[in-house]
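Listed here are the chains, written in short residue letters.
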Amino acid sequence: MNEHTPLDLTPETNQGALKILLRRMRTESDFPALSEAIGDINRIASSDREGINELSNNILKDFALTNKLLKLANVAFYNQVGGGSISTISRAVVILGFDAVRSIALSLILFENLENKVHARHLKEEFVKVLYAGMLARGMAGKAQLRDVEEAFISAMLHNLGRMLTMFYFPAETEAIGHLIETEGLSDARASTRILGLSYENLGMGIARSWGFPDQLVLSMKQLPAGKIRKCASNPERLHALAGFSNELCDIVLGTPDADRDKALTALTVRYSDSVPVTVEQIAGLLERSMRDITPFAMAVNVNLKQSTFAQLASKWAGMGTAPAADAWAETDSDAPAILEAAALHEHAAIFDAEPGGPSQRTTAAVQSVLTAGLQDVSNSLIDDSMSVNDILRMILEAMYSGMGFAHVVLCIKDGRHNTMCGKFGFGDGVQGLIRAFDFSLAAQPDVFLVALQNNADILITDIDDPKIATRIPAWYRQHIPARTFVLFPIIVKGKPIGLIYADRPQPGDIAIPEKELSLLKSLRNQAVLAIRQSL
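K.L.:
Any chance you could break down the overall build of the protein for me, citing the residues and the numbers?
P.N.:
A tally of regular secondary structure across the protein gives 25 helices and six strands. Of the contacts made within the protein by residues no fewer than 6 positions apart, 66% connect residues no fewer than 24 positions apart.

As C-alpha cells, then:
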C-alpha cells in the first residue's frame, strides 16, 4: 500500500471530497475486490429475483470465506435451531436464515480485506470493537423493539465504518486526525473534516451507499445528538438508536477508569432510557454474552482475544476476568471440535483449483470427505419437515460442486406442459446463462441428454469433439455452453424422467471420477430422487 501525506483539501462540498477519497481508495488493489464482494451480497439481498441460490453461489466462489462461514455456522451461537452439522452453504442459509448468513459473510469479507497490512494490529483491535458492538446490538434487538436481529448486528458493526476505512487506507491522515483531537481538543467529526475534507461519518455513509446498503442501514451510521435520545417512532429510528447505544457502550468500556464505571453506565442508560431501555445491572450480563458470542468469530478469523486490549477490558467489565481462549470456548461445547472437523471445509483440502480452469489438485480423501459430509447433510434434511424439496436439491448440487470441483453444476426439471427439460438453478461462475440455455425438448432426436434420461444412464462425456460422440452433442449445447467435458445424472421417479443433474469443466479430460467418488455422487442423486418422491 502506498503511503500518503495528509490531505490538504478545501472542497466545496462533502461530495467532492468523497469522490477524491474514493478515487484514491480505488487505486488500492484490495478495495475494488472488497467493494465488488460487498456490493454483490447487497444486490442479492435487495433483489426480489435473487435468493438462497445466488447468495450460496456468491459465497462459494471464495474458498476461504466458505470455510470460515461453515465453521461459524456450526458453533452453538449460530446453530441455535439445531439440525445437526452443517456442511453446505445452502443448508446454512436454510438453518440459520438468509439474513444471518448474509451478516456473517459481510463481516468476514470486511475483516478479510482489512488485515495483513503493516498496521494490521490496530485494525484488528478496531475490528474486535466494532464486531463486539454488533454482538451487543444483536443481543439487545428485542429491548429496542427490533425484530430483525441481523439488521441490528450489521448497523452497529458499520456505525463507525468511515473511521475504520480511514485507518486502513489513509494511515497518515488518521495519525493527523488523532493529533488534532489530542492537541486542540477537537471532536472526531471536526478533526476528520479538517484533514479529510469530510467527516468520518459522511465518508462511511458515502461508501456504504456506493456498496448498495439500504437507506435505513446507511442512516443508522449518523452520529446521534447530545442529550437524551427521544422515543423512537419508526424502525429506522430504533435501528439508529441501537447502533449508537452499542458503540457508545464500547467507547465507555475502552475509555472509562474503573472508578467511574457505574457513573458512566448510569449516564448511558439515562440517555437511552426511552429508546433502548436497559438497566446497569442488565448491561453486565449483556457484556458477558457478547464476549462469549464473539469468541468463535474471532477464532474463525485468527484474532487472539487475549492480545486485544478492548477484549480484555470488556471481559473485565463483564466479570469474566480475561477474554476466553480458544480452548475455553471448545470446553463450552464438547461436541464443537468434532462438529467442525466433520462439517467444515479444510484449509489443506484444495477443493477448488488454484487457477481457474487448471487441473484440480484435490486429494481423494478431501473429495470423499466433502461428498460424504454433504450426503449426511442431505440425509438430515430429508427427515426435517421444515426443509422444502428445493432446499434439499440445492444442498445436493452444492455438495457435488464443492466436492468434485466442477466448474458448473445445473439442475434441470421437467416442464410437463411443454414436455421439455428446463434449467432450475445451479452453481458456478456465470451459471445463470447456463440455466437459461437448458431448455430442450424431450421429444427431439435422441442425443446424449435424451439417451441419459430415456435409459436412466449416468453418462460422462470426456470430450464433446470426440468423433465417436460429436454427432450426439445437440446444437443448442454447442451454441450456448463452452464446456468441453460434462457428466449427467438423470433423476427418474416411478420410471419417468423428472430431472437431470449436469456438471462440467472447461477442457477435455478435466473430469475424472474414481469408483468411490462415483458411488457417492450416485448416492447424492438418489437422495434427489427420494426428496422429489416425498414431495409428490
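K.L.:
Can you explain the environment of Lys143? Please cite residues and give values.
P.N.:
Inspection of the secondary structure assignment puts Lys143 in the loop between helix H7 (120–140) and helix H8 (149–157). The exposure class of Lys143 is partly exposed, given its relative accessible area of 36%. Counting along the chain gives 132 residues from Lys143 to Ser275, while the straight-line C-alpha distance between them is 8.6 Å. In this structure Lys143 touches Ser275, Pro277, Val278 and Gln282, once residues within four positions along its chain are discounted.

K.L.:
Tell me what's going on with the pattern of salt bridges, and back it up with residues and numbers.
P.N.:
Evaluated as defined, the whole model comprises 24 salt bridges. Measuring nitrogen to oxygen at the nearest pair gives 2.8 Å for the salt bridge that ties Arg478 to Asp465. Here Arg478, found in helix H24 (residues 475–480), pairs with Asp465, found in the loop between strand E4 (459–461) and H24; they are 13 residues apart in sequence, far enough to count as distant. For Asp465, a relative accessible area of 37% gives the class partly exposed. It is possible to trace a salt-bridge network through shared partners that takes in Asp463, Asp465, Arg478 and Arg484.

K.L.:
Outline the sheet that holds strand E2 (residues 420–427), listing residues and values.
P.N.:
Strand order in the open sheet made by the six strands is E3-E2-E1-E6-E5-E4, with antiparallel pairing throughout. Each having just a single partner strand, strand E3 (439–441) and E4 make up the two edges of the open sheet. Across the sheet, the mean angle separating the axes of adjacent strands is 25° when strand polarity is ignored. Bridging between E2 and E3 involves three bridges; their strand directions are antiparallel. Along E3, the bridge assignment pairs Cys422 with Asp439.

K.L.:
Got a sec to walk through the environment of Met221? Specific residues and values, please.
P.N.:
With respect to the element layout, Met221 can be found in the loop between helix H13 (215–219) and helix H14 (235–255). Met221 gets classed as buried once you look at its relative accessible area, which sits at 1%. Spatially, the C-alpha atom of Met221 lies 7.6 Å from that of Ala243, the residues being 22 residues apart in sequence. Every residue in contact with Met221, bar those within four places of it in the chain, is listed here: Leu158, His159, Leu161, Glu201, Gly204, Met205 and Ala208.

K.L.:
Give me helix H10 (residues 171–184): which residues, what numbers.
P.N.:
Taking 1.5 Å as the rise per residue, H10 with 14 residues should run 20 Å; its terminal C-alpha atoms sit 20 Å apart, in good agreement. Within H10, the full set of buried residues consists of Ala172, Glu173, Thr174, Ala176, Ile177 and Leu180.

K.L.:
Can you explain the packing of aromatic side chains? Please cite residues and give values.
P.N.:
This structure, assessed with the given rule, holds 18 aromatic pairs. With a centroid separation of 4.5 Å and 85° between ring planes, the pair formed by Phe168 and Tyr169 is classed as edge-to-face. Under the relative-accessibility criterion, Phe168 is labelled buried at 0%. Here Tyr169 falls in the buried class, since its relative accessible area comes to 1%. The interplanar angle of 50° and the centroid separation of 5.0 Å between the aromatic rings of Tyr477 and Phe486 together place this pair among those described as tilted. The rings of Phe438, Phe440, Phe449, Trp476, Tyr477, Phe486 and Tyr502 are connected pair by pair, giving a single aromatic cluster. Above the ring of Trp317, the side-chain terminus of Arg261 is found at 4.7 Å from the ring centroid. When the ring centre of Phe425 is taken as origin, the NZ or CZ atom of Arg394, which lies over that ring, is 4.7 Å away.

K.L.:
If you had to explain the pairing of strand E6 (residues 496–505) to someone new, which residues and values would you point to?
P.N.:
With seven of its ten residues buried, E6 lies for the most part within the structure. By the bridge criterion, six bridges tie strand E1 (residues 408–415) to E6 in an arrangement that is antiparallel. By the bridge assignment, His408 is partnered in E6 with Asp504. Two elements, strand E5 (residues 485–493) and E6, share nine bridges in a ladder whose sense is antiparallel. Bridge assignment links Pro490 to a residue of E6, and that residue is Leu500. Where E5 folds back on E6, the antiparallel hairpin that results is connected by two residues, among which Lys494 adopts a positive phi of roughly 55°.

K.L.:
Give a detailed account of helix H21 (residues 389–404), specifying residues and quantitative values.
P.N.:
In this model H21 runs 23 Å from its N-terminal to its C-terminal C-alpha over 16 residues, within 8% of the 22 Å that 1.5 Å per residue would give. Burial of H21 is extensive: 14 of the 16 residues sit out of reach of the surface. Positive phi appears at Gly405, one or two residues downstream of H21, with a value of about 70°.

K.L.:
Explain unusual backbone geometry to me, using residue names and the numbers behind them.
P.N.:
Of note in the backbone geometry, Asn419 takes a positive phi value of approximately 55° without being a glycine. Here Asn419 is to be found in the loop between E1 and E2. For Asn419, a relative accessible area of 31% corresponds to the partly exposed category. We note that Asn456 has phi near 50°; this positive angle belongs to a residue other than glycine. Position of Asn456 among the secondary structure elements: in the loop between helix H23 (448–454) and E4. Exposure remark for Asn456: the relative accessible area of 46% places this residue in the partly exposed category.

K.L.:
Before we move on, could you go through the side chain of Ser56 and cite the residues and values that matter?
P.N.:
With respect to the element layout, Ser56 can be found in helix H3 (residues 52–60). Residue Ser56 is classed as buried on the basis of its relative accessible area, which comes to 0%. Beyond its immediate chain neighbours, meaning those up to four positions away, Ser56 contacts Ile89, Ser90, Val93, Glu398 and Phe427.

K.L.:
Describe the packing of helix H2 (residues 30–46) against helix H6 (residues 98–113), and please don't skip the residues or the numbers.
P.N.:
For the pair H2 and H6, interaxial distance at closest approach is 10 Å and the crossing angle is 175°. Between H2 and H6, the interaxial angle falls into the category roughly antiparallel. Taken together, the residues of H6 that come into contact with H2 (itself represented by Asp30, Leu34, Ala37, Ile38, Ile41, Asn42, Ile44 and Ala45) are Phe98, Arg102, Ala105, Leu106, Ile109, Leu110 and Asn113. Taken together, the residues of the contact of H2 with H6 break down into eleven nonpolar, two polar and two charged.

K.L.:
Kindly report on the pairing of E1, identifying the contributing residues and their values.
P.N.:
With six of its eight residues buried, E1 lies for the most part within the structure. Hairpin connection of E1 to E2: four residues between the antiparallel strands, including Asn419 at a positive phi of 55°.

About the cut-offs
Residues numbered from 1 in each chain as written. Predicted model: local features only at pLDDT ≥ 70, side-chain atom pairs only at ≥ 80, totals over all residues. Heavy atoms only, no water. Helix = DSSP H or I, 4+ residues; strand = E, 2+ residues; numbered from the N terminus. Contact = heavy atoms within 4.5 Å. Buried < 20%, exposed > 50% of the residue type's maximum accessible area, 1.4 Å probe, protein only. Salt bridge = Lys/Arg side-chain N within 4 Å of Asp/Glu carboxyl O. Pairing = 2+ DSSP bridges. Axes fitted to C-alpha atoms, helices over the stretch in contact; angles between N-to-C directions. Expected span 1.5 Å × (residues − 1). Phe/Tyr/Trp six-rings, centres within 6.5 Å; stacked < 30°, edge-to-face > 60°. Lys NZ or Arg CZ within 6 Å of the ring centre and 35° of its normal. Parallel < 35°, antiparallel > 145°, perpendicular 65-115°, else oblique. Nonpolar A, V, L, I, M, F, W, Y, C, P; charged D, E, K, R; others polar.

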